[in-house]
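Each chain, letter by letter, is given below.
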Amino acid sequence: MDYVVTAGLRPPVDISKLDPLQQEGVVSVLDHQLGRVEGVAGPEEEDIDVLDYRIEVGPDGSTVMLAVDAPSLSAAENAAANVLREILLDSQVLEHWTLTHSEVKITEDEFNESLAAAEQHPGSEFSEADERLQAEVEDAFDQADLPESDSWRTGSAATAEARSPGAESPETENWRIRLHELSDRLRAFAPNAFDASGVNEQRANLAAGALIHAVSVVTDELFYDELALTVNDATADGAVGLLVLEELPPCYQHNYDARFTRSLLLCSAAVATRLTGTRWQPPRCVAEALALRLFINEARVVLEATELMSWDESAPLFESFSAHACPDNAYEELFAVETITAERSDASEEPVTGEAVEQRLRTRGLAFDQWFNKYEDAGSGTGQHPYLG
């Protein structure tokens, strides 16, 4: 049977309130970890599937709702608790957080039965049992009494909130309105940059608004990653729970330190400023191209998380936009390079090094120490920030 388990997570006692940046960071960490969970072993070694999840974060902590397929109510509660405890233990960011409770408020079958009964008899009043059930449903999804916030994310499967087929949730509608409003701020491009045929201007506007929203999210997450690397004196290859840097080419992860992150922040700020200007200038260096790529990927995540557009549906829109915004996509080659470090395929063979790969990247202007060098043809009269020297 499917159960909806509500669990509470609270920060260490020395943290009085989570600020908006911390809330967004907690959502991103939990979403990244929960998105990788497919199931968990039950008390009798039976498989318990994690079907979906929802995350809400406020100043006092987080509420996580997990939809699980379990043989019993207690097995569902234990499975959800085990999943979240494991995430807390594995995360450097959340290692001092605590699980306050894990309990089933209502099963999915009970929810659907109540919904079906209401649809079959739309004119009749709820019975006392129906009213109690409805109260439990509302409590299951609103028990945290958290303020409205952008810091939430749902899983990619069917959401734990059941609703009629084809119906749009209030949250989705709110996001639709918000993204349409934000789309006006992308002044450097017309809607046809996302849809050259112009047949679906509404979707193009949603994509534009999502891109503007993504700028704020990525900027916050870069600040978070920079702080994590500074505190731990680490690079991305040795850090856990980073929000953005893991999306950069893996071959240079050993070079992504705090100073690099600050440099990338400056480049991303330049790209974001040009997006809201009246004249677009394509990325002037590899770092700016990668920053734009981060914005695009996050925009697609936003559209999928808010259920406004699936990942596959947003692909052609942003492929069209990328062709307009960054015609030179040579930087994509970096994602096909697995490692630059030396390797030996067999003890009896000569060492196989990454020198040839590094030289090829350098010839194309893609080597790591070239990422912040302005392209020769970017003659706009603008200079380079001294920090990037």
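Residues numbered from 1 in each chain as written. Predicted model: local features only at pLDDT ≥ 70, side-chain atom pairs only at ≥ 80, totals over all residues. Heavy atoms only, no water.

Brief notes about the overall build of the chain
And then number 1: Within the chain one finds 10 helices and six strands.
And then number 2: The burial tally for the chain puts 47% of its 389 residues in the buried class.
And then number 3: Once local pairs closer than 6 in sequence are excluded, the contacts in the chain between residues at least 24 apart make up 71%.
And then number 4: For the chain, the exposed area adds up to about 19,600 Å²; of that, 48% sits on carbon and sulfur atoms. (Helix = DSSP H or I, 4+ residues; strand = E, 2+ residues; numbered from the N terminus. Buried < 20%, exposed > 50% of the residue type's maximum accessible area, 1.4 Å probe, protein only. Contact = heavy atoms within 4.5 Å. Areas by Shrake-Rupley, 256 points an atom, 1.4 Å probe, with all protein chains shown as cover.)

Here's the deal with the packing of aromatic side chains
And then number 1: In the structure shown here, the tally under the stated rule is 13 aromatic pairs.
And then number 2: Taking 6.0 Å as the distance between ring centres and 40° as the angle between the ring planes, the aromatic pair formed by Tyr256 and Trp371 counts as tilted. Residue Tyr256 is found in the loop between α6 (201-232) and α7 (258-275), and its partner Trp371 is found in the segment after α10 (355-363); the two are separated by 115 residues along the sequence. An identical accessibility class is assigned to Tyr256 and Trp371; each is buried.
And then number 3: Counting every residue linked through ring pairs, the aromatic cluster contains Tyr252, Tyr256, Phe260, Phe368, Trp371 and Phe372.
And then number 4: Geometry around Phe335 places Arg293 over its ring, the cationic atom sitting 3.7 Å from the centre.
And then number 5: Sitting over the face of the ring of Trp311, Arg300 holds its NZ or CZ atom 3.8 Å from the ring centroid. (Phe/Tyr/Trp six-rings, centres within 6.5 Å; stacked < 30°, edge-to-face > 60°. Lys NZ or Arg CZ within 6 Å of the ring centre and 35° of its normal.)

With respect to the pairing of strand β4 (residues 61-69)
And then number 1: Counting buried positions along β4 yields eight of nine residues, so the element is predominantly enclosed.
And then number 2: Sheet topology places strand β1 (residues 2-10) next to β4; eight bridges connect them, and they run antiparallel. Its bridge partner being in β4, Leu9 is matched across the sheet by Ser62.
And then number 3: The pairing of strand β3 (residues 47-58) with β4 spans nine bridges and is antiparallel. (Pairing = 2+ DSSP bridges.)

Focus on the side chain of Asp195
And then number 1: Here Asp195 shows up in the loop between α5 (170-183) and α6.
And then number 2: At 8.7 Å, Arg203 is the nearest oppositely charged side chain to Asp195, a buried residue that forms no salt bridge.
And then number 3: From its side chain, Asp195 meets the backbone nitrogen of Asn200 in a polar contact 2.9 Å long.
And then number 4: Leave out the neighbours within four places in its chain, and Asp195 touches Asn200, Leu317 and Ser320. (Lys, Arg positive; Asp, Glu negative; His and termini not counted. Salt bridge = Lys/Arg side-chain N within 4 Å of Asp/Glu carboxyl O. Polar contact = N/O pair within 3.5 Å; in protein donor to acceptor, adjacent residues only side chain to side chain.)

Quick look at the pattern of salt bridges
And then number 1: Following the criterion strictly, the structure yields 13 salt bridges and no others.
And then number 2: Between Glu288 and Arg274 there is a salt bridge whose closest N-O contact spans 2.7 Å. Residue Glu288 is located in helix α8 (residues 286-305), and its partner Arg274 is located in helix α7; the two are separated by 14 residues in the primary sequence.
And then number 3: For Arg274, a relative accessible area of 11% translates into the label buried.
And then number 4: Two residues, Arg360 and Glu333, come together in a salt bridge whose shortest N-O distance is 2.0 Å. Of the two residues, Arg360 is situated in helix α10 and Glu333 in the loop between α9 (311-325) and α10; the sequence distance between them amounts to 27 residues.
And then number 5: Connected via shared salt-bridge partners are Arg54, Glu56 and Glu171.

With respect to the packing of helix α1 (residues 20-34) against α6
And then number 1: Contact geometry of α1 with α6 gives a least axis separation of 10 Å together with a crossing angle of 90°. Classified by the angle between their axes, α1 and α6 sit roughly perpendicular to one another. Residues Leu21, Glu24, Ser28 and Val29 of α1 form the contact with α6, whose own contacting residues are Val217, Asp220, Glu221, Phe223 and Tyr224.
And then number 2: Residues that form the contact of α1 with α6 fall into these classes: five nonpolar, one polar and three charged. (Axes fitted to C-alpha atoms, helices over the stretch in contact; angles between N-to-C directions. Parallel < 35°, antiparallel > 145°, perpendicular 65-115°, else oblique. Nonpolar A, V, L, I, M, F, W, Y, C, P; charged D, E, K, R; others polar.)

Some details on the confidence of the model for the chain
And then number 1: Summarising the model, the chain shows a mean pLDDT of 79, and 75% of its residues fall at 70 or more.
And then number 2: Mean pLDDT across the elements of the chain ranges from a minimum in strand β6 (residues 152-154), with 46, to a maximum in α7, with 95.
And then number 3: Within the model, the stretch residues 123-127 combines pLDDT values under 50 with two contacts to residues more than four positions away or in other chains.
And then number 4: Every residue in residues 342-349 scores below 50 in pLDDT, and together they form nine contacts with partners more than four places removed in sequence or on other chains. (pLDDT = per-residue confidence, 0-100.)

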